[in-house]
Structures are given as structure tokens and as C-alpha cells.
Amino acid sequence: LATVDLRLGCGLTVSACFAGMQSSFPSSAESVEGWLSELHLSKYANMFADAGITSPSQLPGLEETALKQMGVNLAGHRKRLLQACKELGNKPPPVEHRWVPSDAPPPKPSESSRRANSTSSIYVQSTITKPDIEEVIFCLAVVIHDRIVQGESLPYVQESHYFSEENNPIYAEPDLSATNESKKKKREVPAEETIFYTIRSVYECARFPAECLIISLVYMERLIAVSSVPLTVSSWRPILLAALIVAQKVWDDRSLHNIDFSVFCPMFTLKEINHLEKKFLELIGYDVSVNSSLYASYHFQLRTLCQKSQTGFSLHPMEPSVAANLEARGLAYTEEFKQNVANKTWSSTGDIEISSRLRKMGVM
């Protein structure tokens, strides 16, 4: 099995940083019409034909001005088409090998530096400053993979379409002409490596604390429990992104905003990211609270998973003061969300002011 070097930080670009989220674009095309169909943009097939773009070899050189002249008026669709064209032009290798390397050759890994997951499919050589990130991401990838396998075997849940990448834009009403079963035949559950590198790429851009990864897992599990919305092949990345966005905002006021994630992740427009956050919060009942015992339980379960896989887990349990602050912030956000719902107003997590509630709780 190959060993993957994770010396990311050296020459890492924004586009490479979110390679995991861009991997839905086809890397090859047999026809322009088929390529547009894979992008769920078949409605532009006649426009491409009228413009004389009939061969896939013409796609990599396509520019935004040409798309505008053709009649592609939606900015989000132009962005998606341009990213997909770029994917064809670059013809990149699989996502786990798309990182921009440093000038120096990677050191040869020793046996002691290798870590394997439960299926021996991921070997990680960690050179990051905080190795606990690698371990948490590894565990999170294994859990998400299992949840996707479970989700693909479950009956269709109507609320799932809010997070489906098969909708374009993602907030559009789903295509009811194709049954869920027929769609599933085209699906392939992503490997644990793919999930690992997707989460890893998000972290490389956002640089939130490792604890946010565990909090995001709490939120994803809450979505499944509260609304019966499963993780599937077409929804796991939007759900993961929404959970991470909310988790890092609840953790710290100095969090990134949704517009930052739209830059990191050109696969989703700002409007789509706002939609994901809003629907995610709605379907978990606006409950973003995480008490100390709940966090400790997830921390213990992930540590146990690593130990069973003969992988280290160096992330320490949360300090009592930090856990108390997280619990207070989660409760304050939950109360504020529910108050907004009662008032029929909506604010993104990052735009909500909770300092007054925290002062009442004696936290500030």
C-alpha cells in the first residue's frame, strides 16, 4: 500500500486546498452533451452546440466572456462550468495526490511513522505541527464512511434533497423525474481516503481547532437522529461543510464567515452555502448546544476507534473551563436561534450577537 506524504502548508494554493470538495467534476468527457449532463447542466446543450462547441477538446479553453455571450446568465452556473473546464484541462490525478508539493523531496517514511485505519486503506505520515488533527480527521473519515454506507441502504427521506449535489443550484427543487433508486445505481460510496483528504483540505484552509471536528460530528449525528436525514453519496459533503461552518462559529467569535468558505470552495456559491447552513440548523431544531458530557462521550468513542485501529489519539480531553464556555455558547446560540424563529427572522450563526446572553450566564 502506498504511503501518502502530507507536507501541506508548503506552496498550498486555495484551489488545491479544496480539491476534495471539487472532486465531483468529471476529469474526462466523451461528448459535450454527456459532460453537461454529468454537471446537471444539460439545459445548456443547445447553447453550446449553437456556439460551435461540439468537441470536448474545446472545453478547457473556454472563458467566462464566451459563456456570457452564449447565454449562460447565472453566475453560479458559469463558475461551475469554468471549474469543470479547468478540471478537464488539468487532468489531475485522484484527489489524494493533488496537493502542491514543496521543492524538497519528501522524506522516506519509517515503519513507526505509519498509521493505518481499520481496513488498512489509509497510511498517514504526519509532519503537521499538531498531529492530533491527523488522528481526529482519520477517525471522522471512518465514521462518515460508515454513515454513508448506512445511508445508502435506507429509504429515501424527502428532506435529503436540501443537501443533494444532484440539485443545481443546490437550493433548487429536486428533479422528481428520476427515482431515488435509479440514482443510487450510479452512486459509488467514497473511499475512506477520499473522505479523509476532503476533511483535511477543509482544515488546511480554515485552520479551526481540532475540537471543531468533533463538534461537527455531534451536529451531523444530531441531524440523523432528529430529522432522519442520512448521509449519502450525494449529500455527505454539503452536510459536512454545513456542520463544520456551524461548529467553528459556535466555538469562537473569530470564526470564518460563509463568504470565506465560498472562496475556499468554488463548487458552492455563497447563496448555496447560506442555504446549507440555514437548512442544517432548521433540521437539527436550531439546537447547537454541546454539553461537557456529550463532548467527552464523542472524544472517548473516537479515541477508542483509533486504539482499535492501532492508531494514536493525542488530542487531550477538553479542559473544564473550555468545556463550560462551549456549553454556554451553544446554549446561547440555541436560545437566540429559537427567538429568531419565533420572531420570524433569520440570521447566520456568524451574525448573531450572544454576548448579552453569555453575560447573563456569568460567562463574560
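Note that the coordinates shown come from a computational prediction; the quantities given were computed from them, not determined experimentally.

**Here's the deal with the overall build of the protein chain**
Inference 1: Within the protein chain, the secondary structure is distributed over 16 helices and two strands.
Inference 2: Of the roughly 17000 Å² of accessible surface on the protein chain, 51% is carried by carbon and sulfur atoms.

**A look at the packing of aromatic side chains**
Each pair of aromatic rings is reported with the distance of its centres and the angle of its planes.
Inference 1: Taken as a whole, this structure holds five aromatic pairs when the rule is applied.
Inference 2: With 5.3 Å between their ring centres and 75° between their planes, F196 and Y197 make a pair best called edge-to-face. The pair formed by F196 and Y197 is uniform in burial state, with each residue classed as buried.
Inference 3: With a centroid separation of 6.0 Å and 40° between ring planes, the pair formed by Y286 and F337 is classed as tilted. Highlighted residues: Y286 in the loop between α13 (270–283) and α14 (292–308) and F337 in helix α15 (residues 320–342), separated in sequence by 51 residues. For the pair Y286 and F337, one class covers both residues: buried.

**Points about unusual backbone geometry**
Inference 1: Residues other than glycine seldom take positive phi values, yet R207 does so here, at roughly 55°.
Inference 2: Mapped onto the elements, R207 comes out in the loop between α9 (192–206) and α10 (210–227).
Inference 3: Positive phi outside glycine occurs at Y286, with the angle close to 60°.
Inference 4: Residue classification places Y286 among the buried positions, given a relative accessible area of 15%.

**Let's talk about the confidence of the model for the protein chain**
Inference 1: Residues with a pLDDT of 70 or more make up 71% of the protein chain, whose mean pLDDT is 76.
Inference 2: Strand β1 (residues 4–5) is the least confidently modelled element of the protein chain, averaging 32 in pLDDT, while α10 averages 94, the highest of any element.
Inference 3: Predicted confidence for residues 1–19 stays below pLDDT 50, and this span has 59 contacts to residues more than four positions away or in other chains.
Inference 4: Note that residues 92–129 has pLDDT below 50 and, in this model, 87 contacts with residues that lie over four places away or in other chains.

**A closer look at the packing of helix α11 (residues 236–251) against α15**
Inference 1: α15 packs onto α11 with a crossing angle of 115° between their chain directions and a minimal axis gap of 9 Å. Classified by the interaxial angle, the pair formed by α11 and α15 is roughly perpendicular. For the pair α11 and α15, the contacting residues are K249, V250 and W251 in the first and V322, L326, R329, G330 and Y333 in the second.
Inference 2: Taken together, the residues of the contact of α11 with α15 sort by class into five nonpolar, one polar and two charged.

**So, the side chain of K249**
Inference 1: Examined against the element boundaries, K249 turns out to sit in helix α11.
Inference 2: Look at K249 and you get buried, because its relative accessible area is 2%.

**Side note on the environment of G312**
Inference 1: Tracing the chain through its elements places G312 in the loop between α14 and α15.
Inference 2: Judged by its relative accessible area of 37%, G312 is partly exposed.
Inference 3: Separated by 180 residues in the primary sequence, G312 and D132 have C-alpha atoms spaced 8.5 Å apart.
Inference 4: If near-sequence neighbours (up to four positions away) are discounted, G312 is found in contact with E135 and C306.

**Things to note about α15**
Inference 1: The end-to-end C-alpha separation of α15 is 33 Å, in line with the 33 Å expected for 23 residues at 1.5 Å each.
Inference 2: Here α15 has its buried residues at A323, L326, A328, R329, G330, A332, Y333, T334, E336, F337 and N340.

**With respect to the nonpolar core**
Inference 1: Core analysis: the largest hydrophobic core is formed by 73 residues, its most contacted members being I144, I199, Y219, M220, F280 and V288.
Inference 2: Elements represented by at least two residues in this core include exactly α7 (131–152), α9, α10, α11, α12 (258–264), α13, α14 and α15.
Inference 3: Here this core gets 12 residues from one element, more than from any other, and that element is α11.
Inference 4: In this view, Y219 contacts A243, V246, A247, V250, F280, I284, V288 and V290; residues no more than four positions away in its chain are not counted.
Inference 5: Residues V32, Y44, V72 and L81 belong to the second largest nonpolar core, which totals 18 residues.

Reading guide: rules and limits
- Residues numbered from 1 in each chain as written.
- Predicted model: local features only at pLDDT ≥ 70, side-chain atom pairs only at ≥ 80, totals over all residues.
- Heavy atoms only, no water.
- Helix = DSSP H or I, 4+ residues; strand = E, 2+ residues; numbered from the N terminus.
- Areas by Shrake-Rupley, 256 points an atom, 1.4 Å probe, with all protein chains shown as cover.
- Phe/Tyr/Trp six-rings, centres within 6.5 Å; stacked < 30°, edge-to-face > 60°.
- Buried < 20%, exposed > 50% of the residue type's maximum accessible area, 1.4 Å probe, protein only.
- pLDDT = per-residue confidence, 0-100.
- Contact = heavy atoms within 4.5 Å.
- Axes fitted to C-alpha atoms, helices over the stretch in contact; angles between N-to-C directions.
- Parallel < 35°, antiparallel > 145°, perpendicular 65-115°, else oblique.
- Nonpolar A, V, L, I, M, F, W, Y, C, P; charged D, E, K, R; others polar.
- Expected span 1.5 Å × (residues − 1).
- Core = buried A, V, L, I, M, F, W, Y, C linked by side-chain atoms within 4.5 Å.

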